[in-house]
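# An overview of the molecular structure
For reference, the chains in residue letters:
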Amino acid sequence: MTTTTAAPRLHELADEGSAIDFCYEQGWTDGLPVVPPTEARVEATLAWAGRPPEEVVATHPPTGRACTVHAAAVNAVMAGCLPEYFPVVVAALEALNDPDYAFHGSSASTGGSAPLLIVSGPIADEIGMNSGVNVFGSGNRANATIGRAIRLILLNVFRMTPAIADRSTTGWPGKYSACIAEDESRSPWEPLRVALGIPEEVSAVTVFAASGFHNIENHYTNDPEALLSTFADSMRSLGALSAGQSVIVMSPEHAQIAASRGFTRPDVQEYLYAHAWRPRGDLRRAGKIPADAPGADDEPVHRGLSPNDILLLVAGGEAGGHSAFISSWSRGRGSLFQTKPIGVCLDC
Amino acid sequence: MAIRIFDPTADAPETGNRPAPRLARLDGLRIGLFTNSKVNADLLLRETAALFAERHGCTVVAKEGKPNASHIAGPQVLERLAANVDFMITAVGD
């Protein structure tokens, strides 16, 4: 199937307000009003692309629809992105386009996942992203609009329309926008991008098909293993247990406790993997697997396939014993997280 | 003041794909089953094929599938099926 793109179309409207209403009427929004993508706004955004506007960044396997740099810029403007956010949007789209991320499946599925974007590197501060207090919440333009740009691209370019191509049973609020920055300054470990093989001076975005958000609360213990057992307990919950990957966003307070007895990032990953399991009989009794599924009842079923399936980073406010476990979409390994450098090509 | 805005959508490319012609008859035809590996998919396909066998004397001659429901079927799998059957039964569901 060849992929060709038509010239961008323009629509003339009476004024900005009419344009906002027009976008609603066409079904081009996520339910919230969008910024009208005028020629001037799109041109200003394209100036940050570093590549031709007609270049295809991502292609939808089932339909062949292609998202060009130009189309990404139009949707980024609509999301409310400032032009300087655009390199992050493009890199996230490249990550989304990796076949191992499976953006069609993860967007169409009843599982209702949202692409969670994790930005690691100097660009986070440069564009004013939030990695601290209320990191998953509202209020920061960069976090809110970069994640939203990806959602609008999925809706408008790839037509992953709820109740038509998107069959999410419940969905979750991350489907409006799910984009955070790593707090390197308060992390006792190397930056996430370095752990994933990206040079420290290069910024990167990791995209993870996230099915939901679990708050992990523990305000009392100062013992690392006791603390991590709280995390493992959330990760092994019957409703979330699968062979899929996990994101652990550890608050600075929890990270300091974990590191206080020398736990490195790999140590934390290994502890969580080793302790996030249930006996197969639990799954059988809950009806999550058929009664005649192979395997003994006492056989351990771990979350994920290895410690490397756990993405660990530090973010959130300095105060509060609250961290987050983000579970992956799919009952298996339908999507694997993907990381791309922002604004540079490392393989060129 | 009038403004112009870009359209944020993209058109699907013209592929030339067309629906297969309607079968003139069903009697004695060869059936291929394609499963998306969801629970009970095999049962649904088998029971549906059994109705064709009972009513039209059709025979299941091939069974294929994909291990992951969320990924597209490999082109070789579909080509293999198309070469050996008269029609295929598949299903979309969870």
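## A closer look at unusual backbone geometry
Residue and element names in this part refer to chain A. Positive phi outside glycine occurs at Ala102, with the angle close to 60°. Relative to the assigned elements, Ala102 resides in the loop between helix H4 (86-96) and helix H5 (103-108). Here the phi dihedral of Asn134 falls at roughly 60°; this positive angle occurs in a residue that is not glycine. Assignment of secondary structure puts Asn134 in the loop between helix H6 (123-126) and helix H7 (141-156).

## Looking at the sheet that holds strand E4 (residues 87-90) of chain B
Residues and elements named next belong to chain B. Across the sheet, three strands lie side by side as E3-E2-E4; this open sheet has parallel pairing. Each edge of the open sheet is held by one strand with a lone partner, namely strand E3 (59-65) and E4. If you compare each strand with its neighbour and ignore which way they point, the axes differ by 25° on average. Most of the contacts of helix H1 (residues 41-56) go to strand E2 (residues 30-35), to which it runs at about 165°, and overall it touches E2, E3 and E4.

## With respect to the environment of Asp125 of chain A
Its location among the elements puts Asp125 of chain A in helix H6. Between the C-alpha atoms of Asp125 of chain A and Ala181 of chain A, which are 56 residues apart in sequence, the distance is 8.9 Å.

## Digging into the nonpolar core
Residue and element names in this part refer to chain A. Among the nonpolar cores identified, the biggest contains 63 residues, and Phe86, Ile146 and Phe158 are the most heavily contacted of them. Discounting residues that sit within four places of it in the chain, Phe158 has contacts with Ala58, Thr59, His60, Arg65, Ala66, Cys67, Phe103 and Ile153. Counting 23 residues, the second largest nonpolar core, distinct from the first, contains Trp189, Met235, Met250 and Phe263.

## Focus: the interface of chain A and chain B
In this complex, chain A contributes 40 residues to the contact, which on the side of chain B involves 20 residues. In this assembly, chain A packs against chain B so that about 2,800 Å² is buried in total across both faces, 58% of it on carbon and sulfur atoms. With a closest N to O distance of 3.6 Å, Arg9 of chain A and Asp7 of chain B form a salt bridge. Applying the counting rule to chain A against chain B returns twelve residue pairs in polar contact (both at pLDDT 80 or more). Tallied by class, residues from the side of chain A that touches chain B come to 20 nonpolar, eleven polar and nine charged. Relative to strand E1 (residues 3-6) of chain B, strand E1 (residues 10-13) of chain A runs antiparallel, the two sharing four bridges.

The rules behind the values
Residues numbered from 1 in each chain as written. Chains lettered and ligands numbered in written order. Predicted model: local features only at pLDDT ≥ 70, side-chain atom pairs only at ≥ 80, totals over all residues. Heavy atoms only, no water. Helix = DSSP H or I, 4+ residues; strand = E, 2+ residues; numbered from the N terminus. Pairing = 2+ DSSP bridges. Axes fitted to C-alpha atoms, helices over the stretch in contact; angles between N-to-C directions. Contact = heavy atoms within 4.5 Å. Core = buried A, V, L, I, M, F, W, Y, C linked by side-chain atoms within 4.5 Å. Buried < 20%, exposed > 50% of the residue type's maximum accessible area, 1.4 Å probe, protein only. Buried area = accessible area lost by both parts, 1.4 Å probe. Salt bridge = Lys/Arg side-chain N within 4 Å of Asp/Glu carboxyl O. Polar contact = N/O pair within 3.5 Å; in protein donor to acceptor, adjacent residues only side chain to side chain. Nonpolar A, V, L, I, M, F, W, Y, C, P; charged D, E, K, R; others polar.

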